[in-house]
Amino acid sequence: MLHGFITALQFLTIFTVRKDHEVDENDLARSMVYFPFVGFIIGLVLVYADKALLWIFPDTVSNLFLLLLSVVMTRALHIDGLADSMDGIMGGRDQESRLAIMRDSRIGTAGVLSIVFILLIKYACLNTLFYDYKTAALLTAPAFSRWSQMLMMFQAGYGREDGMGKAFVGHVRLGGLLAASVITVGLSGFVIYQYDTRTAVLAVGIPLAVGLVTFFWRWFVVRKVGGVTGDSVGAISEMNEALTFLLFVFLLSER
């Protein structure tokens, strides 16, 4: 259990628990059940960073640093996948050319615009959320985004012959997915729900919306490139993190 959690933490973030931590493809596959828990840890870091930053800066400045911290903590892994996915899907004419563009280390116009757009959504949402609502959003958005990675990869075919995602895509076990789902939805619901109708709707609506968007994106990616890739998994993670923030704003912000 501890080995799998450390594997997930060190793969998804910059945090190093053991420098001599050795893993193989089977270890990587088994670590996926801990992805949402790593998301909660990222959320905890963001919550306490926000509290510290607000001693020095106003919300609008603090939120810029929170976005920077979230990208740094994940080594820009997921946002890079978003950019590569958008470049490939928008720029390629067939499956082969799209996959080739996605593998290219250079970033194109579609990739740049996707990064700017997703960061602007997050920034605008954070500027609208305050106090307990902001804390709940920072805690749950990273968790639901990593949970959606598991949904994306469950019983999926890999879109390439090789690549980083091959160790993960299609290797999510049903038992692991169910366990992670129950705990993620349960913990997030506990964080979000504050004994009123709006938070109750939000606690139920977020997992439903994340699941729906994930399966639509998966269908779209398979149609465009023939299978799920690591880049497309990173892309859905960023999309669902932004979606979670948007749902918080839609249901809880004062208008």
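Residues numbered from 1 in each chain as written. Predicted model: local features only at pLDDT ≥ 70, side-chain atom pairs only at ≥ 80, totals over all residues. Heavy atoms only, no water.

Draft legend 1. Focus on the packing of helix α5 (residues 77–91) against helix α7 (residues 109–126). Interaxial distance between α5 and α7 falls to 7 Å at its minimum, and their mutual angle equals 135°. Here α5 lies oblique to α7, going by the angle between them. Every pair of crossing elements has a handedness; the one defined by α5 and α7 is right-handed. Mapping the contact onto sequence places Ile79, Leu82, Ala83, Met86, Asp87 and Met90 in α5 and Thr109, Ala110, Gly111, Ser114, Ile115, Ile118 and Leu119 in α7. Looking at the contact of α5 with α7 residue by residue, the class counts come to 9 nonpolar, 3 polar and 1 charged. (Axes fitted to C-alpha atoms, helices over the stretch in contact; angles between N-to-C directions. Helix = DSSP H or I, 4+ residues; strand = E, 2+ residues; numbered from the N terminus. Parallel < 35°, antiparallel > 145°, perpendicular 65-115°, else oblique. Left-handed = near helix turned anticlockwise from the far one by under 90°. Contact = heavy atoms within 4.5 Å. Nonpolar A, V, L, I, M, F, W, Y, C, P; charged D, E, K, R; others polar.)

Draft legend 2. Structural detail: the pattern of salt bridges. Applying the stated criterion to the full structure yields 6 salt bridges. With a closest N to O distance of 2.7 Å, Asp104 and Arg106 form a salt bridge. Note on Asp104: relative accessible area 26%, which makes it partly exposed. Residue Arg106 is classed as exposed on the basis of its relative accessible area, which comes to 64%. Beyond isolated ion pairs, a larger network of salt bridges with shared partners links Lys122, Arg146, Glu238 and Glu241. (Salt bridge = Lys/Arg side-chain N within 4 Å of Asp/Glu carboxyl O. Buried < 20%, exposed > 50% of the residue type's maximum accessible area, 1.4 Å probe, protein only.)

Draft legend 3. Local environment of the nonpolar core. Phe35, Met153, Phe168, Ile206, Trp217 and Phe248 are the most contacted members of the largest nonpolar core, which totals 70 residues. Ranked by residues supplied to this core, first place goes to helix α8 (residues 131–153) with 12 residues. (Core = buried A, V, L, I, M, F, W, Y, C linked by side-chain atoms within 4.5 Å.)

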